[in-house]
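Take a look at the letters that make up each chain.
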Amino acid sequence: MAMNPMMLMKLRERLQLFQSQHPKFQMFLSAVGQQAIETGTIIEVKVTRPDGKEMVTNLRLTEDDVESIRMVSEMQK
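If you're wondering where the values come from, they're calculated on a predicted model, not measured in any experiment.

**Concerning a nonpolar patch on the surface**
Point 1. On the surface, Ile43, Val45, Val47, Met55 and Leu59 cluster together into a nonpolar patch covering about 380 Å² of accessible area.
Point 2. Contributing elements (two or more residues each) for the nonpolar patch: strand E1 (42-48) and strand E2 (54-60).
Point 3. Broken down by element, the nonpolar patch gets its largest block of residues, 3 residues, from E1.
Point 4. Considering the arrangement of structural elements, one finds Leu59 in strand E2.
Point 5. Overall, the relative accessible area of 41% leaves Leu59 in the partly exposed class.

Spelled out as structure tokens, the structure:
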């Protein structure tokens, strides 16, 4: 599957916009990456809609998950 260079540029712009609008989120992810990514770590995500409805899920990181996260992290450097 080929990557469209124009789509990659648009995606990069959108990511930069997201980071500028939510700077604390990037700092949070950085801290998690430095301190909490290890086998057995549980990641929980909670979404609260404007009407108050909540959706929650979690996952326990496996060795494969940790390796995948490290690979993606290295690609961003």
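**Some words on the pattern of salt bridges**
Point 1. Under the definition given, this model contains 2 salt bridges.
Point 2. Between Glu54 and Lys46 there is a salt bridge; the shortest N-O distance is 3.3 Å.
Point 3. On the accessibility criterion, Glu54 (45% relative accessible area) is partly exposed.

**A closer look at the pairing of E1**
Point 1. Bridge count between E1 and E2: 7 bridges; the pairing is antiparallel. Across the sheet, Val45 pairs through a bridge with Thr57, a residue of E2.
Point 2. The antiparallel hairpin formed by E1 and E2 contains 5 residues in its connecting segment, where Gly52 sits at a positive phi of about 95 degrees.

**Quick notes on the packing of helix H1 (residues 5-21) against helix H2 (residues 23-35)**
Point 1. Between H1 and H2, the shortest axis-to-axis distance is 4 Å and the interhelical angle comes to 95 degrees. Taken together, H1 and H2 sit at an angle that is classed as roughly perpendicular. Seen from H1, the contacting residues are Phe18, Gln19, Ser20 and Gln21; seen from H2, they are Pro23, Phe25 and Gln26.
Point 2. Partitioning the contact of H1 with H2 into residue classes produces 3 nonpolar, 4 polar and no charged.

**Observations regarding the side chain of Thr41**
Point 1. Tracing the chain through its elements places Thr41 in the loop between H2 and E1.
Point 2. In terms of polar contacts, Thr41 uses its side chain to reach the backbone carbonyl oxygen of Ala36, at 2.6 Å.
Point 3. Engagement of the side chain of Thr41 in a polar contact is seen with the backbone oxygen of Glu38, the distance being 2.9 Å.
Point 4. Dropping the residues within four chain positions of it, Thr41 is found in contact with Ala36, Leu59, Arg60 and Leu61.

Procedures and definitions
Along each chain, the written sequence defines residue order, and numbers are assigned to residues from 1. Given that the model is predicted, a residue must reach a pLDDT of at least 70 before its local features are reported, and side-chain atom pairs must reach 80 or more before they are shown or counted; all residues, however, enter totals for whole chains, interfaces and linings. Working from all heavy atoms in the structure, the side-chain values ignore hydrogens and water. By definition, no residue in a patch forms a salt bridge, and every one has over 30% relative accessible area; like charges are joined within 9 Å, nonpolar side chains (Val, Leu, Ile, Met, Phe, Trp, Tyr) within 5 Å. Only the protein chains shown count as cover for residues, and all accessible areas are computed by the Shrake-Rupley method using a 1.4 Å probe. Any carboxyl oxygen of Asp or Glu that lies within 4 Å of a side-chain nitrogen of Lys or Arg is treated as forming a salt bridge with it. A run of H or I in DSSP becomes a helix once it reaches four residues, and a run of E becomes a strand once it reaches two; helices and strands are each numbered from the N terminus. Burial classification: accessible surface area is computed with a 1.4 Å probe over protein chains only, and a residue below 20% of its type maximum counts as buried, one above 50% as exposed, and the rest as partly exposed. The pairing criterion is simple: DSSP has to find at least two bridges between the two strands. All axes here are fitted lines through C-alpha atoms, helices being fitted over the stretch that makes contact, and every angle between N-to-C directions spans 0 to 180 degrees. Angular relationships are summarised with four words: roughly parallel below 35 degrees, roughly antiparallel beyond 145, roughly perpendicular across 65 to 115, and oblique for the angles in between. Any two residues having at least one pair of non-hydrogen atoms within 4.5 Å are treated as being in contact. In this classification, Asp, Glu, Lys and Arg are treated as charged, Ala, Val, Leu, Ile, Met, Phe, Trp, Tyr, Cys and Pro as nonpolar, and every other residue, Gly included, as polar. Any pair of nitrogen or oxygen atoms within 3.5 Å is treated as a polar contact; in protein, a donor-acceptor pairing is required on top of that, and neighbouring residues in sequence qualify only through side-chain atoms on both sides.

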